[in-house]
Amino acid sequence: MGVPEWHAVSVESARRVEDDVFGGSSRSIEFVRDLAIPGPRGEIPLRIYRDTDDPCGTLVFYHGGGWTLGTLESAGDLCRELAARTGRVVVSVDYRLAPEHPFPAGLDDAYAALEWVSQHAETFGGAGDLAVAGTSAGGNLAAAVALRARDHDGPEISHQALCYPITNHAFDTESYRENADGPLLTRADMEWFWEQYLRSPVDAANPYASVLRARDHANLPEATVVTAGHDPLRDDGVAYANALDDAGTPVEHHHYPSMAHGFLSLTDSVSVADDAMTAVADRLEE
């Protein structure tokens, strides 16, 4: 696909490549609108997707990109698919990015957006329950806002869909060894992304950054976890699914051995990716 190793280019260049490769979608849906809401340090841009005129549940979506890359544009294909397949209003969050805004800035924006959506969903057709979802670093943020909502009496979340999520600041798993050279994501890339995101090594142990290190994983929203066989983050997702299950949190783990990181963006051309998107959407369907 002509994608360079992310750590081998500048942050600015990596952001342009991310948008060029993953932006756009052939899926047409009924309603798309941009708006901005108040955030902890300025406005947070949101993009609303809806493919039904009926009141429906709401899904807050956090894009991937190692907390460093990604925009509303690069998440557009996934959000359109989720809106069309789930019957939910999908709210995509353009949270602040590292290294300009390291942890916990992105998480603070992600949580502020969750709170705002929980209070204002009716203004754009949302009703019923509230779910969260994300890919990669966005999966990390979705898991983190679920933990934070539990710990601080936050909005009630019905479901968390975590697609090849980052869950731990550690690079010693079997999947990191097997897939150190990619494709699409390498061990060196992940080391670089963590360097951008964290203010200091102390942050690596924070359970809202390394969500696998939370004191416990009980009393969290039911979850869907998606992992790919050729992904350095495979074992991050497996370990998190196991932690949820061990704590009594209902979880469905869908593993795709032949797939690589980011494969849900390939639903137009890869049948396994389309099947995986259907599995996620079925769990979220209104």
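Right above here is the structure, for reference.
Predicted, not measured: the structure shown is a model, and the values here were computed from it.

Each value, and the rule that gives it
- Residues numbered from 1 in each chain as written.
- Predicted model: local features only at pLDDT ≥ 70, side-chain atom pairs only at ≥ 80, totals over all residues.
- Heavy atoms only, no water.
- Buried < 20%, exposed > 50% of the residue type's maximum accessible area, 1.4 Å probe, protein only.
- Helix = DSSP H or I, 4+ residues; strand = E, 2+ residues; numbered from the N terminus.
- Pairing = 2+ DSSP bridges.
- Right-handed = clockwise from strand over helix to strand, strands pointing away.
- Axes fitted to C-alpha atoms, helices over the stretch in contact; angles between N-to-C directions.
- Contact = heavy atoms within 4.5 Å.

Asks: Outline the pairing of strand 7 (residues 222-230), listing residues and values.
Replies: A large share of strand 7 lies buried, amounting to 7 of its 9 residues. Two strands pair when backbone bridges link them, and strand 6 (residues 159-163) and strand 7 are joined in this way by 5 bridges, in the parallel orientation. Following the sheet pairing, His159 is matched in strand 7 by Glu222. Following the backbone out of strand 7, through helix 7 (residues 234-246) and into the adjacent parallel strand 8 (residues 251-260), one traces a crossover that is right-handed.

Asks: Give a detailed account of the pairing of strand 1 (residues 31-39), specifying residues and quantitative values.
Replies: Bridging between strand 1 and strand 2 (residues 42-50) involves 9 bridges; their strand directions are antiparallel. Counted as the bridge partner of Asp34 is Arg47 from strand 2. With antiparallel pairing between neighbouring strands as the criterion, strand 1 and strand 2 make up a hairpin whose turn holds 2 residues.

Asks: Account for the sheet that holds strand 6, with residues named and values stated.
Replies: The strand order 1-2-4-3-5-6-7-8 describes an open sheet built from 8 strands, whose pairing is mixed. Only two strands of the sheet have a single neighbouring strand rather than two, namely strand 1 and strand 8. Within this sheet the neighbouring strands show an average axis-to-axis angle of 20°, counted without direction. Each of strand 1, strand 2, strand 3 (56-62), strand 4 (89-93) and strand 5 (126-135) is contacted by helix 3 (residues 105-120), which is oriented at about 170° to strand 3, the strand it contacts most.

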